[in-house]
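Each chain, letter by letter, is given below.
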Amino acid sequence: MNIVIVDDEAQIRRWLEILLSKTELPINLVASCSNGKEALDVCRTMDVDVVITDIKMPVMDGISFIRILKQERPAIESLILSSYSEFQYASEAIKAGASDYILKAEITASDLSKVLGRVKQEIEKERLRDREVYSLKSTINVNQLALRSLFFSDLVYGKKISAHEFEEKMGTLRIPLRSKHLMVMVIRSDDPANRKEQVKIQDSVLLDSAVMNIIDETLLTEAESGCCFVFEKEYYVALFNYGHWSEKSLRETTLQYAQRISNYLQDHLGLSVSVGISLPALQFSSIGQQLEEARAVLSHKRFYGRKNISWHSDEPMTPNAAHTPLQKYLQTLSELLDTNQFEMISPYLQEVLEDVGRKMVWSEKEVKAFGVEAVFLLQRMLRRLSVASGDNGHSPDRDSPHEEMVNLPTFGHVTSWLLARASDVTATADMLRHPYSEAIRKVCDYVKLQYADGASLQQAADYVHLNKNYLSELFKKETGSSYNDYVTLVRIDKIKALILEGNIPIGQLPEIVGYPDGSYLSKVFKKVTGMTPLEFKRKKI
């Protein structure tokens, strides 16, 4: 027991401390005070079970102290120190709320132990009753909330009832909600994986109950109607009635309610949430559609890493003609791979993903489909190079990108995953395409940089510090083709890329890639590809 002694005589206080130490009770002396005001300040700020107080004291006497204490901290028991001449005061103190009195002249350690023992039993009985009442109230509350969730979940899944039945059910469940003019909000924890480290209530049933009670109280205070129910794991649904408001005032008011719910859950439970808000509906029969609207905007915003509160009509979740279709992105990626422009793959995907993330018009399903298709294109290219090089150790056939993609929670995760995949695959592809010695790899890199300026065999030999004839033989031995044929292939790949980009007229291509004129370029291009540059362009359009 935590005890406070209150007496204006220091000698009496020390004497009581000695007697308390001689009892066999588990006693902790919290404070020793000289008047009621001082003791009241202690009781307001510390955990106290019992006060032992004199009656006549300066500043604040014992009776005034007990009256205020019973009003502010009724659970604290009080004992009066009294003399024979003060019995009338002791009687008045008991009427004010004191548990018992102790005669100063006769008090001993044994007597004090008996009195405190009785008080301890009363405290324990009272705490047991409080626990039982709390447990009963909690059980009733949880059961009522469960019935509420079951009823609304049935409505969401299409159960048909009349407006009269709805109103009657609301009365039975004691929910202040009418059947007309409903708004729906879906609330979800921002980070379920790390929630245990932040939330103040760990038990999931108790947490659900606390969340629903806070949302109920907020809606009742702000909207004078409404309730909350658990729809699925991690999803809470709040409903309330709106009045005959304009669209602007309805939006502003609903956003205000959502913000306050978010703030209260964070302040009281340590629970960070995001909220999705539906469009308004006239009849309760639209609850299912409203819930899907609110959940769709919430999921969309969360996927793109944007949290907090989202109004359904504010989110551009449907692509329009001004936005590039994802299939067009995939087509361009395929063309880059077909022309072996591996150095362009990662920058291109980075650019695409930045554009998609900025506009946020594609659904999570569409973004993930794009990611999987892009990886399949990369795998196809890698498989082609593996077969060509005779190296089957880099076959991607056993890979399952769609299974990995399913578990990526946000757009940021999809972006990181896809760019890492692209980097790994293009690095492997480059190695398969150039499984040569360091000198030949340097020559290949040199050609890619200098093909427009001639890149003669002598220039390449000087670049790697080798004899021209030796380099020619080494290049033919390692690559299977002559040096001049390789320069031609690099130029043709560049021509293909420029034609596909469509920004440069075909007549300007010879100068860009290092050919003397269009006739010569057309002749070489047809020899390598089987078609003229114009025929290639028409085929790819």
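Before reading further, recall that the structure is shown in the block above.
What counts as what
- Residues take numbers from 1 onward in each chain, read along the sequence in its written order.
- Local features in this predicted model are restricted to residues of pLDDT 70 or higher, and side-chain atom pairs are both shown and tallied only at a pLDDT of 80 or more, whereas totals for entire chains, interfaces and linings draw on every residue.
- Side-chain metrics rest on all non-hydrogen atoms present in the structure, leaving aside hydrogens and water.
- Helix axes are fitted only over the stretch in contact, all axes being lines through C-alpha atoms; the angle between N-to-C directions runs from 0 to 180 degrees.
- A run of DSSP states H or I qualifies as a helix once it reaches four residues; a run of E qualifies as a strand once it reaches two. Both are numbered from the N-terminal end.
- For this classification, under 35 degrees means roughly parallel, over 145 means roughly antiparallel, 65 to 115 means roughly perpendicular, and everything else is oblique.
- Contacts are residue-level and defined by heavy atoms, with any inter-residue pair within 4.5 Å sufficient.
- Residue polarity is assigned by list, with Asp, Glu, Lys and Arg as charged and Ala, Val, Leu, Ile, Met, Phe, Trp, Tyr, Cys and Pro as nonpolar; anything else, Gly included, falls into the polar class.
- When DSSP finds two or more bridges between two strands, those strands count as paired.
- Ring pairs shown here join Phe, Tyr and Trp side chains whose ring centres sit within 6.5 Å, with only the six-membered ring taken for Trp; geometry is labelled stacked below 30 degrees between planes, edge-to-face above 60, and tilted in between.
- Note on exposure labels: buried denotes an accessible area under 20% of the residue type's maximum, exposed denotes more than 50%, and partly exposed covers the range between, all computed with a 1.4 Å probe on protein chains only.
- Cation placement over rings: the criterion is NZ of Lys or CZ of Arg within 6 Å of the ring centroid and within 35° of the ring normal.
- What makes a salt bridge here is a side-chain nitrogen of Lys or Arg within 4 Å of a carboxyl oxygen of Asp or Glu, nothing more.
- Note on terminology: disulfide denotes any pair of cysteine sulfur atoms within 2.5 Å.

### Overview of the packing of helix 10 (residues 326–338) against helix 11 (residues 345–359)
To describe two helices that pack against each other, one gives the angle between their axes and the distance between the axes.
1) Next: It is at 11 Å that the axes of helix 10 and helix 11 come closest, and there the two elements cross at 175 degrees. With respect to helix 11, the element helix 10 is oriented roughly antiparallel. Seen from helix 10, the contacting residues are L326, K328, Y329, T332, L333, L336 and L337; seen from helix 11, they are I345, Y348, L349, V352, D355 and V356.
2) Next: Residue composition of the contact of helix 10 with helix 11, grouped by class: 10 nonpolar, 1 polar and 2 charged.

### A word on the sheet that holds strand 3 (residues 50–54)
By definition, the strands of a sheet pair up through backbone hydrogen bonds, in either a parallel or an antiparallel sense.
1) Next: Taken together, 5 strands build an open sheet; the order of strands is 2-1-3-4-5 and the sheet is parallel. Edge positions in the sheet fall to strand 2 (28–33) and strand 5 (100–103), since each has one partner strand and no second. Across this sheet, the average inter-strand angle for adjacent strands is 20 degrees, counted without regard to direction.

### Considerations on the packing of aromatic side chains
1) Next: This model, assessed by the stated rule, comprises 16 aromatic pairs.
2) Next: With a centroid separation of 5.2 Å and an interplanar angle of 70 degrees, the aromatic rings of F151 and F152 are classed as edge-to-face.
3) Next: Here Y329 and F370 contribute two aromatic rings whose centre-to-centre distance is 6.4 Å and whose plane-to-plane angle is 70 degrees, an arrangement assigned as edge-to-face. With Y329 in helix 10 and F370 in helix 12 (residues 364–389), this pair connects stretches of sequence that are 41 residues apart.
4) Next: By relative accessible area, which is 9% here, Y329 ends up buried.
5) Next: An aromatic cluster is defined as three or more aromatic residues linked by ring pairs; in this entry it consists of F151, F152, F166, F229 and F284.
6) Next: Here R295 stacks its cationic end above the ring of Y235, 5.3 Å away from the centre of that ring.
7) Next: Over the ring of Y515 we find R491, and its NZ or CZ is 5.1 Å from the ring centre.

### Structural notes on the pattern of salt bridges
1) Next: According to the stated counting rule, one finds 16 salt bridges in the structure shown.
2) Next: Residue D355 pairs with R358 through a salt bridge whose shortest N-O separation is 3.0 Å. Residue D355 and its partner R358 are both found in helix 11; the two are separated by 3 residues, about one turn of the helix.
3) Next: On the basis of relative accessible area, R358 is assigned to the exposed category, the value being 58%.
4) Next: Here E438 makes a salt bridge to K442, at a shortest N to O gap of 3.5 Å.

### Things to note about the state of the cysteines
1) Next: Enumeration according to the criterion identifies 0 disulfides in this entry.
2) Next: With no disulfide of its own, C227 lies 7.3 Å from the sulfur of C228, the closest cysteine sulfur.
3) Next: The exposure class of C227 is buried, given its relative accessible area of 1%.
4) Next: Under the relative-accessibility criterion, C228 is labelled buried at 0%.

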